[in-house]
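Close look at the chain arrangement
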Amino acid sequence: MISYIFYFAAGTIAGSFFYTLAERYSNGKMKENPLNALFSRSECPACGKSISALYLIPLVGFFISRGKCTACGAGIPFIYPAMEILYGLLAVIIARFHGTDLLSFFIYLIAAVSVTIAIVDVKTMMVPLSLNIIFFVLSIYPVILHNNFMDSFYGFLFLTVFFLIIMFIFPGAFGGGDLKLYAAAGFLLGLEMSIVLLEVSLVSGAVFGVIWGALKGWSFRIKIPFAPFIAAGIIITLLFGDTIILFYYRNIYRF
C-alpha cells in the first residue's frame, strides 16, 4: 500500500509536467520558443505571474492556495489537479498490472506521452510531430528488450498501410498526426497487439462518435479528435493486450 502511494505521488509530479507541456503545445508556446516553454516557471493563466514553488507541489499546492492565484486571486482551473490525479492513477495502474522494473518505467512514459498527445489533440485538433517522435524514441527500448524487430516492423507496416488506405478512401477521416501515432504504436506493439489496438481505438471512437453525433443532431460534418481513442487503445493494449489475445484464441479463433 505504501509503495502505491509513492507511485501515485511520483505520477502526480510527472503529471504536473506533462499537463503543463500539453498546455504549452496547445497555446503555441512550444512552437514559439521550445526551450523557454520546457524550462520556464509555471504562470497564473489570468495575470501571468510566476507561481511560487510551494504552490507548484502537485495537488498539495492547489489545496493550500484554495484553487486561487495568490497574486491576483483568480481561480485556477480544477483541470490542473484533475490531470495530476489522472497521471498519478496511471502510475499506480501500471505498477499494479505491469510491475515496477525499468520496462514498466518506459511503459509509463509512453502512456504519459500518449495522454499528453490526446490532451493536445482535444484542445487543438492537432497531433504534434515532436510528441510522436518522443513516443517513437521511448518505444525503442521495449522493442530491443523483446528482441523481435520483424514483429515491430510488421506492426508498423500494418497500421501505416491500413490507415493510408482509409485516408485515401475517406479523405479527412483521420489526420496525418493520427497516422504517425498509429505507425509509432505499431512499431512498439508488433503485429498481433496492433490488431488489438486497432479494435479498441476504432470501436471506442465509433461509439463516442455515434453518441456525440446524436447530441449534435446527427451531422456528418462533425469532427472529433481521435488521438484520445488511440491513446486509450495503446494503454489498454500495453496492460491487457495479452489477456485480450488469449480470450480471442480461447473463445473466437477456435471456431
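Notes on the structure follow.

1. A look at the side chain of Asn-132
For Asn-132, the location among the structural elements is in helix α7 (residues 129-146). On the basis of relative accessibility, which here comes to 4%, the residue Asn-132 falls in the buried class. Within polar-contact distance, the side chain of Asn-132 engages the backbone oxygen of Gly-177 at 3.3 Å. Residues in contact with Asn-132, not counting those within four places in the same chain, are Ile-117, Val-127, Gly-177, Lys-180, Leu-181 and Ala-184.

2. Examining unusual backbone geometry
A positive phi angle is found at Leu-59, which is not glycine, with a value near 65 degrees. Tracing the chain through its elements places Leu-59 in the loop between α3 (34-39) and α4 (60-64). Backbone geometry at Asn-147 places phi at a positive 55 degrees, although glycine is not the residue there. Note on placement: Asn-147 falls in the loop between α7 and α8 (149-169).

3. A short note on α8
In this model, α8 (21 residues) spans 30 Å end to end at C-alpha, consistent with the 30 Å of a helix rising 1.5 Å per residue. By the burial criterion, the buried members of α8 are Ser-152, Gly-155, Leu-159, Thr-160, Phe-163 and Ile-166. Viewed along the axis of α8, the buried residues span an arc of 130 degrees, placing them on a single side of the element. Of the surrounding elements, those touching the buried residues of α8 are α7 and α9 (176-215).

4. A few points about the layout of surface pockets
Size it by volume and the second largest pocket reaches roughly 800 Å³. Every residue lining the second largest pocket is counted, 39 residues in all, and those nearest its centre are Thr-20, Ser-42, Ile-51, Leu-56 and Tyr-80. At eight residues, helix α1 (residues 2-26) tops the list of elements feeding residues into the lining of the second largest pocket. Within the lining of the second largest pocket, the residues separate by chemical class into 21 nonpolar, 10 polar and eight charged.

5. Notes on the side chain of Asp-121
Structurally, Asp-121 can be placed in helix α6 (residues 102-124). Using a relative accessible area of 4% as the deciding quantity, one classes Asp-121 as buried. Among the polar contacts listed, one links the side chain of Asp-121 to the backbone nitrogen of Met-126, at a separation of 3.2 Å. Leave out the neighbours within four places in its chain, and Asp-121 touches Met-126, Val-127, Asp-178, Pro-225, Phe-226, Ala-227 and Pro-228.

Analysis parameters
The numbering scheme is per chain: residues are counted from 1 as the chain's sequence reads. Only residues with pLDDT of at least 70 are given local features in this predicted model, and only at 80 or more are side-chain atom pairs given and counted; all residues enter the totals for whole chains, interfaces and linings. Side-chain measures were taken over the full set of non-hydrogen atoms in the model, leaving aside hydrogen atoms and water. Each helix is a run of DSSP H or I of at least 4 residues and each strand a run of E of at least 2, with the numbering of both proceeding from the N terminus. Relative accessibility thresholds used throughout: buried, under 20% of the residue-type maximum; exposed, over 50%; partly exposed, between the two (1.4 Å probe, protein chains only). Under this definition, polar contacts are N or O atom pairs within 3.5 Å; protein pairs additionally need one hydrogen-donor-capable and one acceptor-capable atom, and for neighbouring residues in sequence, both atoms have to be side-chain atoms. Residues count as neighbours in contact if any of their non-hydrogen atoms are within 4.5 Å of one another. Given a helix with a known number of residues, its expected span is that number minus one, times 1.5 Å. An arc is given here, and it is the one of the directions from the helix axis to the C-beta atoms. Using protein atoms alone on a 1 Å grid, points that fit a 1.4 Å probe yet trap it form a cavity, whereas open point sets bounded by protein on both sides within 12 Å along at least five of seven lines form a pocket; residues with an atom within 4 Å of a point count as lining. Grid points are joined across faces, edges and corners, and a volume is the space filled by probe spheres set on the points. Following the grouping adopted for this structure description, the nonpolar residues are Ala, Val, Leu, Ile, Met, Phe, Trp, Tyr, Cys and Pro, the charged ones are Asp, Glu, Lys and Arg, and the polar ones are all others, Gly among them.

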